[in-house]
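# Overview (structure and organization)
So the chains spell out like this:
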Amino acid sequence: MALTLIILFLASALAGVTYYFGGYHNSIFWIWLPFVLALAYFWAIFLVYACALGIVSTIVKHGDKQERLPNRFAMWILAETCYVLSLFFRISVHGNGLGKLPDKNTPFMLVSNHLSGMDHGYLFSRIPGYKIICVSKKDNEKSPFAGGWIKLAGYLPIDQNDMVGGAKVIEKAASYIANGTCSVAIAPEGTRNKTFPDPELLPFKAGAFDMAYKSHCPIVVFAIQNTNCVLKRFPLRHTDVYFDCVARLEYDEYKDLTPAELAERCRALIMRRFDQKRARFYHVKPKKSQKEER
């Protein structure tokens, strides 16, 4: 939200200067103009800011081949940018159960379902002060505006087809948590659920939970709803997006479970919240193939 306030301050200042030195203050007819100017300046400034992000991202992607350690400033840039984007896309973000989160000095593993490429970005923008990176698929580093910043933030790229490399990524994530470097978020479904709501939740990969066993950290489970609907509803309708922290599991609560049992327990917690809050989901039209079968 800090970035939004900075841009808003600059936009308001520019609007005031334009209004005064343009002579519009001499007529009551133009009393509405500062508000319109402030809005126009706000998005103009953000556009310039986004272009700057893209330039830095491109330089990093093509000129920096080294692996990066988690960087708090880059994390802040990503989260704050997502906050502004949520305003642009007319998203109302609802965070529930956030009191279950550990304090900001206690690293944890964050587990959630995966409906869109912006899931964690929108979530992180609403829990400021937490130092969190993601286990993210390698292709995300190719993003024109965010790719370089994802790398600068220290996100852990994973190749979904490389089991050996994936195990090393999980091990590194565990070391970050164990050493107190940062928390790590992961979607154990392994990929975005492109066929939602059939099924509503893909199977969880048990190997993702090795980071918790190796670091003995708390596991925070989030159920995410409606992030997949944002682009479908924009610009005519706003979208209510929900991030529900449904559980916090301490090490003593899961240490005797097998990875498969732990994965299923976390998955069941999310499914239970879906069942409890099913009315929140927006209606999804059936696919053509489903209609034809009928």
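Now for a description of the structure that goes with this document. (Residues numbered from 1 in each chain as written. Predicted model: local features only at pLDDT ≥ 70, side-chain atom pairs only at ≥ 80, totals over all residues. Heavy atoms only, no water.)

### Overview of the pairing of strand 3 (residues 132–137)
Counting buried positions along strand 3 gives five out of six residues, so the element sits mostly inside the fold. Pairing between strand 3 and strand 5 (residues 183–186): three bridges, direction parallel. For isoleucine 133, the partnering residue across the bridge sits in strand 5 and is valine 184. As defined by bridge partners, strand 3 adjoins strand 4 (residues 156–158) across three bridges and the pair is classed as parallel. When the sheet's bridge partners are listed, lysine 137 is paired in strand 4 with isoleucine 158. Handedness of the crossover joining strand 3 and strand 4 through helix 5 (residues 147–153): right-handed. (Buried < 20%, exposed > 50% of the residue type's maximum accessible area, 1.4 Å probe, protein only. Helix = DSSP H or I, 4+ residues; strand = E, 2+ residues; numbered from the N terminus. Pairing = 2+ DSSP bridges. Right-handed = clockwise from strand over helix to strand, strands pointing away.)

### Brief notes about the pattern of salt bridges
Per the stated rule, a full pass over the model turns up seven salt bridges. Salt-bridge contacts for glutamate 200 lead to arginine 278; the nearest nitrogen and oxygen are separated by 2.4 Å. With a gap of 78 residues between them, glutamate 200 in the loop between strand 5 and helix 7 (210–215) and arginine 278 in the loop between helix 10 (259–276) and helix 11 (288–293) connect regions that are remote in the sequence. With a relative accessible area of 17%, glutamate 200 lands in the buried category. The salt bridge partner of arginine 280 is aspartate 244, with a shortest N-O separation of 2.5 Å. Taken as a pair, arginine 280 in the loop between helix 10 and helix 11 and aspartate 244 in strand 7 (residues 239–249) lie far apart in primary sequence, 36 residues in all. Exposure class is identical for arginine 280 and aspartate 244. Each is buried. Because the salt bridges share partners, they merge into one network encompassing Glu200, Asp275 and Arg278. (Salt bridge = Lys/Arg side-chain N within 4 Å of Asp/Glu carboxyl O.)

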